[in-house]
Amino acid sequence: DMKVTQMPRYLIKRMGENVLLECGQDMSHETMYWYRQDPGLGLQLIYISYDVDSNSEGDIPKGYRVSRKKREHFSLILDSAKTNQTSVYFCAIPDSFSNERLFFGHGTKLSVL
Amino acid sequence: SQLAEENSWALSVHEGESVTVNCSYKTSITALQWYRQKSGKGPAQLILIRSNEREKRNGRLRATLDTSSQSSSLSITATRCEDTAVYFCATDYTGNYKYVFGAGTRLKVIA
């Protein structure tokens with residue numbers, strides 16, 4: 001199976017601080033995703049990246065930005081984090097053959113106090 | 001708003017029983033996926049069913065798709081405690097691989 005690595009696993013930040021969540025993959029796949037998951041809301045797409053410097057907004061991009069400078073890495077940045085950004089963040093890559101199956105990382109649990 | 005929704009927030013069954021999770025979606029689709037997420041892990045795909053398929057099986061799992069009612073179901077037979085998880089349906093409405101997930105159904109299998 002493809003490997004998606006997320007760092008860190010847990011993060012506690014104060015409101016107003018900047019946050020950097022990192023995701024790596026070992027397949028050099030063009031497409032990478034950032035989702036957030038809140039209780040009762042399922043997974044919501046924040047951003048999708050179709051390749052290096054080719055990023056597209058998802059359903060909830062407000063308050064977030066992303067960076068994709070190398071195909072293997074996709075970063076999610078929260079400038080001046082807010083308490084309502086407390087969530088679990090998942091990075092994902094699609095199946096190499098069909099793009100119709102997503103492989104998720106273990107997630108980063110972010111608490112903004 | 002949710003474009004893909006499971007119809008039950010939570011279900012519990014006893015081990016060995018069968019259970020069905022339902023999902024509804026709001027516009028035409030080319031395929032629908034079912035995922036399972038165990039506690040502390042990311043979701044993992046179970047089944048993908050295309051719009052020209054009515055049923056798809058994967059071991060003890062069976063997915064159905066009814067395009068006329070815009071609904072899908074995932075049935076699990078002979079449930080085991082390890083089936084305890086949250087089950088999501090997901091689909092891509094845009095054709096740009098922007099997958100939308102439902103809120104999930106929490107299934108608990110009791111020994």
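Shown above is the structure to which this text applies.
Not measured: the values here are computed from a predicted model. (Residues numbered from 1 in each chain as written. Chains lettered and ligands numbered in written order. Predicted model: local features only at pLDDT ≥ 70, side-chain atom pairs only at ≥ 80, totals over all residues. Heavy atoms only, no water.)

Asks: Honestly, the overall build of chain B in this entry has me stumped. Any pointers?
Replies: Helices and strands together make up the secondary structure of chain B, namely zero helices and eleven strands. For chain B, the α and β elements follow one another from N to C terminus as β-β-β-β-β-β-β-β-β-β-β. Its C-alpha atoms give chain B a radius of gyration of 13 Å, near enough to 13 Å, the size a compact globule of 111 residues would have. Taking the principal axes of the C-alpha coordinates as reference, chain B spans close to 40 × 30 × 20 Å. Residues counted as buried form 47% of the 111 residues belonging to chain B. Surface accessibility of chain B: about 5,300 Å² in total, with carbon and sulfur atoms responsible for 46%. (Helix = DSSP H or I, 4+ residues; strand = E, 2+ residues; numbered from the N terminus. Rg over C-alpha atoms; globule rule 2.2 N^0.38 Å. Buried < 20%, exposed > 50% of the residue type's maximum accessible area, 1.4 Å probe, protein only. Areas by Shrake-Rupley, 256 points an atom, 1.4 Å probe, with all protein chains shown as cover.)

Asks: Could you clarify how one ought to interpret the environment of Ser8(B) in this entry?
Replies: All names here are of chain B. Note on placement: Ser8 falls in the loop between β1 (4–6) and β2 (10–14). For Ser8, a relative accessible area of 29% puts it in the partly exposed group. Along the chain, Ser8 and Thr20 lie twelve residues apart, while their C-alpha atoms are 9.9 Å from each other. Ignoring sequence-local partners within four residues, the contact set of Ser8 consists of Gly104 and Thr105. (Contact = heavy atoms within 4.5 Å.)

Asks: Any chance you could explain the interface of chain B and chain A here in plain terms?
Replies: Reports of interface size often rely on the accessible area that becomes lost once the parts have come together. Facing the 23 residues of chain B at the interface are 22 residues of chain A. Summed over both sides, the interface between chain B and chain A buries roughly 1,800 Å², with carbon and sulfur atoms accounting for 49% of that surface. Among the residues of chain B in contact with chain A, Tyr97(B), Lys98(B) and Tyr99(B) are the three that bury the most area, contributing 31% of the side total. Seen at the junction of chain B and chain A, the total is one salt bridge. Residues Arg50(B) and Glu100(A) are paired through a salt bridge, measuring 2.6 Å at the closest nitrogen-oxygen approach. Where the side of chain B that touches chain A is concerned, the elements lending two or more residues are β4 (31–37), β5 (44–50) and β10 (99–101) of chain B. (Buried area = accessible area lost by both parts, 1.4 Å probe. Salt bridge = Lys/Arg side-chain N within 4 Å of Asp/Glu carboxyl O.)

These results come straight from atomic positions and should not be treated as a statement about function.
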